[in-house]
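Single-letter residue listing:
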Amino acid sequence: MNEHRPEDPSTGAPVPAGAPRRKLDAGSLRGLAHPLRMRLLDELRLNGPATSARLSERTGESTGTISWHLRHLAEHGFIEEEPGRGTKRERWWRAVPGAIVLAATDFDQDPASRAALSVYQAENLRRQFQRVADSMAAEWEGEWRGTGSVSDWSNLRLTPAQLQSLIDDLAAVVARHTPDPDAAPDPAARPMIVQIQALPRKESDRP
């Protein structure tokens, strides 16, 4: 199974074609595969640059713990200091732009990375579910009430090639509806959650 995070971590917007993409290797996977580090990267990606003190307030973790994990993310190139901002005592961090891509099959012959892969996949799935749950639990007003959709098609029968074609087509639709990042935002627009999950389903009578 391949997992794609086709967003710019600094804005949350889908990455245009040709934009930087980072494929996780064993070292960077282990550097990212921790629940708190993944949450911190999400905080910086979705809410913009922050200090360890601000992130401590948002997460409930101590500033010392936050600072240690931020340094770890920086060492692996996931975040960087915000230029021209902060002091020696108060550093501002931002997410490094570019998509994060994971190909789980790259680690089939690397048992040492399997634990990190499991943590990454489980936490990534949990965070995706939490975003949906938070949206459904929120109180929406006006024309936003009743918008959105959670759908499930579980009886398609496809070959691996057909499944990949479906995934590519869905990604193209999302890209087509993505505003130009250089264009002024529509004041009536809100940030969206769009998740694509297309996976093979085990059958009881087949391996």
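Shown above is the structure to which this text applies.
Let us look at the structure shown here. Given the structure is predicted, the values throughout are model-derived calculations rather than measurements.

**Describing helix α2 (residues 35–47)**
The terminal C-alpha atoms of α2 lie 18 Å apart, and with 13 residues this matches the ideal 18 Å at 1.5 Å per residue to within 8%. Turning to α2, its buried residues number three or more, namely L36, R37, M38, L40, L41, D42, E43, L44 and R45. Directly beyond the C-terminal end of α2, a positive phi value near 90 degrees is found at G48.

**A look at the nonpolar core**
In terms of nonpolar packing, the biggest core is built from 25 residues, with L32 and Y120 touching the most fellow members. Within the residue set of this core, elements represented by two or more residues are α1 (26–32), α2, α4 (63–75), β5 (91–95), β6 (99–103) and α5 (111–137). Looking at which element gives the most residues to this core, the answer is α2, with five residues. For L32, the residues in contact, after removing those within four places along its chain, are L24, R37, M38, L41, L73, F78, I100 and Y120.

**Let's talk about the pairing of β6**
A large share of β6 lies buried, amounting to five of its five residues. Residues A99, V101 and A103 point to one face of β6 and I100 and L102 to the other, with burial holding for every one of them. Sheet topology places strand β2 (residues 21–23) next to β6; three bridges connect them, and they run parallel. Within β6, the residue paired with R21 across the bridge is A99.

**Some points on the packing of α2 against α4**
Axis angle and axis distance: for two packed helices, these are the angle between their axes and the distance between the axes, and together they describe the pair. Their axes nearest at 10 Å, the elements α2 and α4 cross at an angle of 80 degrees. Here α4 runs roughly perpendicular to α2, going by the angle between their axes. Contact residues: L36, R37, L40, L41 and L44 in α2; T65, I66, W68, H69, L70, H72 and L73 in α4. Residues of the contact of α2 with α4, tallied by class, amount to eight nonpolar, three polar and one charged.

**Observations concerning the environment of T178**
Counting through the fold element by element, T178 comes out in the segment after α6 (160–176). In this structure the side chain of T178 is engaged in a polar contact, spanning 2.7 Å, whose partner is the backbone oxygen of V174.

**Describing the environment of L199**
Its location among the elements puts L199 in the segment after α6. For the pair formed by L199 and I167, sequence separation is 32 residues and the distance between their alpha carbons is 9.7 Å.

Criteria and cut-off values
Residues numbered from 1 in each chain as written. Predicted model: local features only at pLDDT ≥ 70, side-chain atom pairs only at ≥ 80, totals over all residues. Heavy atoms only, no water. Helix = DSSP H or I, 4+ residues; strand = E, 2+ residues; numbered from the N terminus. Expected span 1.5 Å × (residues − 1). Buried < 20%, exposed > 50% of the residue type's maximum accessible area, 1.4 Å probe, protein only. Core = buried A, V, L, I, M, F, W, Y, C linked by side-chain atoms within 4.5 Å. Contact = heavy atoms within 4.5 Å. Pairing = 2+ DSSP bridges. Axes fitted to C-alpha atoms, helices over the stretch in contact; angles between N-to-C directions. Parallel < 35°, antiparallel > 145°, perpendicular 65-115°, else oblique. Nonpolar A, V, L, I, M, F, W, Y, C, P; charged D, E, K, R; others polar. Polar contact = N/O pair within 3.5 Å; in protein donor to acceptor, adjacent residues only side chain to side chain.

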